[in-house]
Structures are given as C-alpha cells and as structure tokens.
Amino acid sequence: QVQLVESGGGLVQTGGSLRLSCTTSGRTLSGYAIGWFRQAPGEAREFVGGISASGRTTDYTTSVKGRFTISRDNAKNTVYLQMNSLKPEDTAVYYCAAAPTWSGNTLPTRMYNYWGQGTQVTVSS
C-alpha cells in the first residue's frame, strides 16, 4: 500500500511561488510515476504535470508550462512541484498520485492507483 501525503500548500500573492511536496509513509515511490492534479471548486480534476519513475521524463499541461517544474528525489522518497509566477487561476486543491507506468499527459487517470489527500493552494489577486 502506498499512502501519499502532500504538503506545502498555502496562501500566496499573484506572482509568488510555492513548492509542494509529495511523500509516502509506506512503500517507496521510486517504482512509480507521479502525477500532480488539481481541482478548483465546481471544476473537474485537471492533470497539472507528472514525472516518470526514473525522473528522466516530465510532462505538463499547457497552462503551467514554463512556470511549474516537477522533480523527484528518490533517496528522500519525495516528489516536488515547484510553482512559480502563480496566478489566481492556479487556486485549487492539489493532489499527487502514483501510477505503475508512465506515458505523460496521455496516461488515463484510472492508472493512478494511489492518491494523496490534497493540499490547498490559494493565489490572491
């Protein structure tokens, strides 16, 4: 069982930065691709970006390219989502999820077997 825990959310002004972390208290994350998703109130859950198990490949949704960066430190069993130049439309609950395979943003959501509880990110204008 993989129990994911996100942290690092909070309130930030437009143009600010936050770094989210995703870690696990159970099995190692090193064999899993990790995806970051977000869901704003009244909106569908959206794929933000993800990283392969090796860390060599990342993919992002268009709206965050050039602003968000995903990285992982398998030695620390942690995946990071660095968010820069934040905008009010980035406000959402952010979730990390683990999948046993990786195909970038084309990986079906159903392939993500394990999900965290989410962390709130609020960007004020």
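Remember, it's a predicted structure, so these values are computed and weren't measured experimentally.

1. Focus on the overall build of the protein
Across its full length, the protein carries zero helices and eleven strands. Rg of the C-alpha trace for the protein: 13 Å, near the compact-globule value of 14 Å for 125 residues, within the 12% margin. Scored against the burial criterion, the 125 residues of the protein give a buried share of 46%. The long-range share in the protein, meaning contacts at least 24 apart out of those at least 6 apart in sequence, stands at 58%. Within the structure as shown, the protein displays about 6,100 Å² of accessible surface, and the carbon and sulfur contribution to it stands at 46%. One way to put it: in the protein the 11 positive side-chain charges average out to a point 8 Å from where the 7 negative ones average out.

2. A closer look at the pairing of strand S3 (residues 18–24)
In the case of a regular strand, side chains alternate between the two sheet surfaces. By the criterion of burial, S3 is predominantly enclosed, with five of the seven residues buried. By the bridge criterion, four bridges tie strand S1 (residues 4–7) to S3 in an arrangement that is antiparallel. Looking across to S3, one finds that valine 5 is bridged to threonine 23. Pairing geometry for S3 and strand S8 (residues 78–83), over six bridges, is antiparallel. If you follow leucine 20 over to S8, its bridge partner there is leucine 81.

3. Description of the side chain of arginine 38
Among the structural elements, arginine 38 can be located in strand S4 (residues 33–39). With residues near it in sequence (within four places) discarded, arginine 38 still touches Ala44, Arg45, Glu46, Val48, Ser63, Val64, Phe68, Glu89, Asp90, Ala92, Val93 and Tyr94.

4. So, the packing of aromatic side chains
This structure, assessed with the given rule, holds five aromatic pairs. On the numbers, 5.0 Å between centres and 85° between planes, the contact of phenylalanine 37 with tyrosine 112 is edge-to-face. Of this pair, phenylalanine 37 sits in strand S4 while tyrosine 112 sits in the loop between strand S9 (92–99) and strand S10 (114–115), and the two are 75 residues apart along the sequence. Here phenylalanine 37 matches tyrosine 112 in class, with each residue buried. Taken together, a centroid distance of 4.8 Å and an interplanar angle of 50° make the contact between phenylalanine 37 and tryptophan 115 tilted. One end of the pair, phenylalanine 37, is in strand S4; the other, tryptophan 115, is in strand S10, with 78 residues separating them in the sequence. Under the relative-accessibility criterion, phenylalanine 37 is labelled buried at 3%. An aromatic cluster is defined as three or more aromatic residues linked by ring pairs; in this entry it consists of Phe37, Phe47, Tyr112 and Trp115. Over the aromatic face of tryptophan 115 sits the side chain of arginine 45, whose NZ or CZ is 4.3 Å from the ring centroid.

How each quantity is defined
Counting of residues starts from 1 at the beginning of each chain's written sequence and follows it residue by residue. In view of the model being predicted, local features appear only for residues whose pLDDT reaches at least 70, and side-chain atom pairs are presented and counted only at 80 or more, with totals across whole chains, interfaces and linings using the full set of residues. Side-chain numbers here rest on the full set of heavy atoms in the structure, without hydrogens or water. Numbering of helices and strands starts at the N terminus; helices are DSSP runs of H or I of at least 4 residues and strands are runs of E of at least 2. Our radius of gyration looks at C-alpha atoms and nothing else; its globule reference is 2.2 Å times the residue count to the power 0.38. Exposure classes here rest on a 1.4 Å probe applied to the protein chains alone. A residue is buried below 20% of its type maximum, exposed above 50%, and partly exposed in between. We call two residues contacting when some pair of their heavy atoms lies within 4.5 Å. All accessibility values rest on the Shrake-Rupley procedure with a 1.4 Å probe; residue burial counts only the protein chains present in the view. Think of it this way: Lys and Arg go in the positive column, Asp and Glu in the negative one, and His and the chain ends go nowhere. Note on charges: their place is set at NZ of Lys, CZ of Arg, CG of Asp or CD of Glu. If DSSP finds at least two bridges between two strands, the strands pair. Stacked, edge-to-face and tilted are the three classes for Phe, Tyr and Trp ring pairs, Trp counted by its six-membered ring, which pair at centre distances within 6.5 Å; planes under 30 degrees apart are stacked, over 60 edge-to-face, the rest tilted. Over a ring means this: the NZ of a Lys or the CZ of an Arg is within 6 Å of the ring centre and within 35 degrees of the ring normal.

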